[in-house]
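Spelled out, the chains give:
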Amino acid sequence: MGLTVAVDLRGGDLGPQPLIEGIKRFLAETEDVEVIAYGLQSDAPLATGVHRLFFRGCEEEITTHDKPTQAVKGKKNSTLVCGIEAVKSKEAYGIVSPGNTGAVLTAAYLLLGRIKGVKRPLLMAPMPTLSGEPFVFGDLGANADVRADFFPGFAILGRVYYELLFGKENPSVYLLNIGEEEEKGRQLVKEARELLDAYPWFKGYVEPHAVWEGGYDVVVTDGFSGNVFLKTAEGVSHAVTGVLKEEIMRGGIMSKIGALMLKNAFKEMKKRFDYKTYGGAPFLGVRGLVMKMHGRSDADAAYSAVKALYRLAKGDIVGRIEERIESGGVRSG
């Protein structure tokens, strides 16, 4: 069969059943891959009779209430730890988990270690835009405190991820800042720009509001700013949707008729900006492929996450990162 990937069935808000449903859908349309599902023994019946789906029973689950480092070191027979150990031993190329973000990143870092030459791994994810052409953005929160010399590595990791995810060669990189002028920004950002200016694919600063318009392939920032950016975007999206529904209901019969006529447009808008479309965010820079999917992932989100995991594994993202880091950010060959 060749390629094997793993899924952690535990740690999500909706339990293992929707994850199994997403895996089944993925396997039904993809022939050259096997999936190992790590769950509690009680989850075994959910995976019974599915071709190319192999269940591994574990004794423990890491929950959202567990302290990450303590849980990873103390729950060695948890679904998450067992799954990442499979990546470490090369039984599976990569794993996706809906569990505790801190635990997923901690387990990946402690059990797999960094790729040689990577100063700090980062969490990165695709983001939608008004133009319909998504960009990849990180760090989403893995590194709240950073140094300027981390940023070239962040950019290289992001470029490899973008190339494999979207099939576009030679993506451009931008540094998130409060303005596009070179003199703007805090000292850390200015120092990072000086280092990034050495690369032909770096195109300068971009402001937060501009990235949603499209045309920016890879956008990098520190983990603190990235996490604030992400949570603000989620909050604004939720608020706008809520206000729109409220005004439609309050606007009377004509507003409701108008909303009904625009139903398909609203549906497409929701799809474009829905996290389920992309499924998960990889922790780039460790010696294995580890992806974090949303804790509220349903069957659609699980399908998208496993599909993204498969695509990155097929492209050997870890090997490509190793080559690119060794060559100083230049594609070999």
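The structure under discussion appears in the preceding block.
Rules used in this analysis
- Residues numbered from 1 in each chain as written.
- Predicted model: local features only at pLDDT ≥ 70, side-chain atom pairs only at ≥ 80, totals over all residues.
- Heavy atoms only, no water.
- Pairing = 2+ DSSP bridges.
- Helix = DSSP H or I, 4+ residues; strand = E, 2+ residues; numbered from the N terminus.
- Axes fitted to C-alpha atoms, helices over the stretch in contact; angles between N-to-C directions.
- Contact = heavy atoms within 4.5 Å.
- Buried < 20%, exposed > 50% of the residue type's maximum accessible area, 1.4 Å probe, protein only.
- Right-handed = clockwise from strand over helix to strand, strands pointing away.
- Phe/Tyr/Trp six-rings, centres within 6.5 Å; stacked < 30°, edge-to-face > 60°.
- Lys NZ or Arg CZ within 6 Å of the ring centre and 35° of its normal.

## A look at the sheet that holds strand 11 (residues 289-293)
Alright, step 1. One open sheet accounts for 11 strands, arranged 3-2-1-4-11-10-5-6-9-7-8; its pairing is mixed. Bordering the open sheet on either side are strand 3 (53-58) and strand 8 (202-206), each of which pairs with just one other strand. Strand after strand, the sheet turns through a mean of 25° between neighbouring axes, direction not considered.
Alright, step 2. On top of the sheet, helix 1 (residues 17-29) reaches strand 1 (3-8), strand 2 (33-40), strand 3 and strand 11; it is set at about 170° to strand 2, its chief contact.

## Here's the deal with the pairing of strand 7 (residues 173-176)
Alright, step 1. Taking every second residue as pointing to the same face, both faces of strand 7 are buried, with Val-173 and Leu-175 on one and Tyr-174 and Leu-176 on the other.
Alright, step 2. Direction of pairing for strand 7 relative to strand 8: parallel, over a ladder of 3 bridges. Counterpart to Val-173 in the pairing with strand 8 is Phe-202.
Alright, step 3. Regarding the hand of the β-α-β motif, the stretch spanning strand 7, helix 6 (residues 187-196) and strand 8 is right-handed.
Alright, step 4. Sheet topology places strand 7 next to strand 9 (residues 218-220); 3 bridges connect them, and they run parallel. In the sheet register, Tyr-174 faces strand 9, and the bridge partner there is Val-219.

## Considerations on the packing of aromatic side chains
Alright, step 1. Within the structure shown, the criterion is met by 10 aromatic pairs.
Alright, step 2. Residues Trp-212 and Phe-229 carry aromatic rings whose centres are separated by 5.4 Å and whose planes lie at 5° to one another, so their mutual orientation is stacked. Residue Trp-212 is found in the loop between strand 8 and strand 9, and its partner Phe-229 is found in helix 7 (residues 223-250); the two are separated by 17 residues along the sequence.
Alright, step 3. Residue classification places Trp-212 among the partly exposed positions, given a relative accessible area of 22%.
Alright, step 4. Given a relative accessible area of 10%, Phe-229 falls into the buried group.
Alright, step 5. Clustering of aromatic rings is evident, with ring pairs tying together Phe-135, Phe-137, Trp-212 and Phe-229.
Alright, step 6. A cation sits over an aromatic face here: Arg-25 above Tyr-303, 3.7 Å from the ring centre.
Alright, step 7. In this structure, Arg-193 is placed above the aromatic ring of Tyr-205, and the distance from its NZ or CZ to the ring centre is 4.6 Å.

## Observations regarding the environment of Leu-46
Alright, step 1. Its location among the elements puts Leu-46 in the loop between strand 2 and strand 3.
Alright, step 2. The class for Leu-46 is partly exposed, based on a relative accessible area of 28%.
Alright, step 3. Note: C-alpha distance between Leu-46 and Gln-17 (29 residues apart in sequence) is 6.8 Å.
Alright, step 4. In contact with Leu-46, other than residues within four places in its own chain, are Pro-16, Gln-17, Ile-20 and Lys-24.

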